[in-house]
Amino acid sequence: MNFDAFIARCRAQWPEFADSRRLARSTHPTDRSLAHILAEIPGMATENKLRLLNCAVAALDPGEVYVEVGCYKGASIVGAATSNPSARIFACDNFSQFDGAADALRRTLDAHTAPGQVIFHDMDFRDFLAAAPWTPARIGAYFYDGGHSFADQYDGLALAIPHLADGAVVIIDDTNKRAARSANRLVARALPDFKLILNLRTPRNHSPTWWNGIQLYRYQRSPNDAAIKFPTPGFAIRKLIYDDIFLEMKHRRRARRQTKKDRRSTNP
Ligand SMILES: C[S@@+](CC[C@H](N)C(=O)[O-])C[C@H]1O[C@@H](n2cnc3c(N)ncnc32)[C@H](O)[C@@H]1O
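What counts and what doesn't
Numbers given to residues run from 1 along each chain, matching the order in which its sequence is written. Given that the model is predicted, a residue must reach a pLDDT of at least 70 before its local features are reported, and side-chain atom pairs must reach 80 or more before they are shown or counted; all residues, however, enter totals for whole chains, interfaces and linings. Water and hydrogen atoms were dropped before computing side-chain values, which therefore reflect all heavy atoms in the structure. Each helix is a run of H or I in the DSSP string that is no shorter than four residues. Each strand is a run of E no shorter than two, and both are numbered from the N terminus. The buried label goes to any residue with under 20% of its type's maximum accessible area, the exposed label to any with over 50%, and the partly exposed label to all in between, with areas taken from a 1.4 Å probe on protein chains only. Throughout, a contact is declared for two residues whenever any of their heavy atoms are within 4.5 Å. Nitrogen and oxygen atoms within 3.5 Å of one another constitute a polar contact, given that in protein one can donate a hydrogen and the other can accept it, and given that sequence-neighbouring residues count only through two side-chain atoms. Domain extents, as shown, originate in an automatic or database domain assignment. Buried area counts how much accessible surface, traced with a 1.4 Å probe, disappears from two parts once they are put together, with both parts' losses summed. When a carboxyl oxygen of Asp or Glu lies within 4 Å of a side-chain nitrogen of Lys or Arg, that pair is called a salt bridge. Classification convention: Asp, Glu, Lys, Arg as charged; Ala, Val, Leu, Ile, Met, Phe, Trp, Tyr, Cys, Pro as nonpolar; all other residues, Gly among them, as polar. When DSSP finds two or more bridges between two strands, those strands count as paired. Between N-to-C directions, angles span 0 to 180 degrees; the directions come from axes that are lines fitted to C-alpha atoms, helices contributing only their stretch in contact.

Q: Give a description of the environment of Asp 173 that names residues and reports values.
A: By secondary structure assignment, the location of Asp 173 is in strand S5 (residues 164-173). Residue classification places Asp 173 among the buried residues on the basis of a relative accessible area of 0%. The spatial distance from the C-alpha of Asp 173 to the C-alpha of Tyr 154 is 13 Å, given a sequence separation of 19 residues. Those residues in contact with Asp 173 that sit more than four places away from it in its chain are Met 44, Lys 49, Phe 143, Tyr 144, Asp 145, His 148, Gln 153, Trp 211, Gly 213 and Ile 214. Here Lys 49 takes part through its side chain, which lies 2.3 Å from a polar atom of the side chain of Asp 173.

Shown next as structure tokens:
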């Protein structure tokens, strides 16, 4: 990843790039040519997010690929790929959320990306990262937008680390969520040179600025990284709190609300 070129592109897209408070409120990049994507492909993304991915892909070095976890109907892949037809892209989704996305994604890739440019795998991201179908290439830009439990967020980042090119950029979506930020922080703590470059929060989910928050890290390999055993200390207690207690409570609350709703509709 040509990091300087990436940052230069970002500065050209957002004149306020160096001021993260203003950047967090930015409604769109300078170049509006990706705006049509979100009009054509239903996505959980914003124009800013697509442009950020696009800038990262444009700065890939030879022998590097863009990898995306969590594609839904393909808006983010198309944003990343547009105007970068020589970039190689590997992506996965297991379609465990949101019905009907698999067919829509296939149609999107056929209509909006160069033939053969995107290698898509319908599988769980853990299997995808273990299989590493891009090998021997390395990941120069990685986008995680898959499941958002603490364990998903942690694994989605930790399992990608061995495949990252030196200097890779890692972009993680939905970082308004505490579980996501906590997982990223814990992985980053284990790596001497994994630096948080952007941490953009939004007032709510679906915000027109940066959707549900975004973090961008820069990874630089250190000699002992290969010896780090993930999950690192602190994983189990955080998983217990975020997933086994809070997420579980949220799911139960949702199920209770749904039962009440169903009862009301059968006994009006
Ligand atoms: C928020 S959506 C992705 C949005 C998409 N990047 C966009 O810009 O429109 C999250 C996606 O992650 C997928 N997902 C959730 N858990 C997954 C897992 N364990 N492995 C692979 N994909 C997963 C869901 O099926 C869903 O399509």
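From this point, the discussion proceeds with the structure in view.
Q: Mind laying out the domain arrangement of the chain, listing which residues take part and the relevant values?
A: With domains assigned, the chain is organised as domain 1 (3-226) and domain 2 (234-268). Inter-centroid distance (C-alpha atoms) of domain 1 to domain 2 is 29 Å. Counting residues at the interface gives 10 residues for domain 1 and eight residues for domain 2. Taken together, both faces of the contact between domain 1 and domain 2 bury some 720 Å²; the carbon and sulfur share is 69%. Counting across the interface, domain 1 meets domain 2 through zero salt bridges. Inspection of the region where domain 1 meets domain 2 yields two residue pairs in polar contact (both at pLDDT 80 or more). Listing elements by their share of the side of domain 1 that touches domain 2, those giving two or more residues are helix H8 (150-158) and helix H9 (178-190). The element best represented in the side of domain 1 that touches domain 2 is H9, accounting for five residues. Partitioned by chemical class, the residues of the side of domain 1 that touches domain 2 number five nonpolar, two polar and three charged.

Q: So, unusual backbone geometry: which residues are in play, and what are the values?
A: For the bond running from Thr 135 to Pro 136, omega is 10°, close enough to zero to count as cis. Here Pro 136 is to be found in the loop between helix H7 (125-131) and strand S4 (138-144). For the bond running from Phe 230 to Pro 231, omega is 0°, close enough to zero to count as cis. The backbone phi angle of Ser 83 is positive, close to 70°, even though this residue is not glycine. Considering the arrangement of structural elements, one finds Ser 83 in the loop between helix H5 (75-81) and strand S2 (88-93). For Ser 83, a relative accessible area of 64% corresponds to the exposed category. Despite not being glycine, Phe 95 shows a phi value in the positive range, around 55°. Of note, Phe 95 is situated in the loop between S2 and helix H6 (101-112).

Q: Before we move on, could you go through the sheet that holds strand S1 (residues 64-69) and cite the residues and values that matter?
A: Ordered in space as S3-S2-S1-S4-S5-S7-S6, the seven strands form an open sheet in which the pairing is mixed. Each edge of the open sheet is held by one strand with a lone partner, namely strand S3 (118-122) and strand S6 (194-200). Each strand axis lies, on average, 15° off the axis of its neighbour in the sheet, ignoring direction. Where S5 and strand S7 (residues 214-219) come together, five bridges link them in antiparallel fashion. Directly across from Ile 171, in S7, lies its bridge partner Leu 216. Strands S1, S4, S5, S6 and S7 of the sheet are contacted by helix H4 (residues 47-58), whose axis makes an angle of about 175° with S5.

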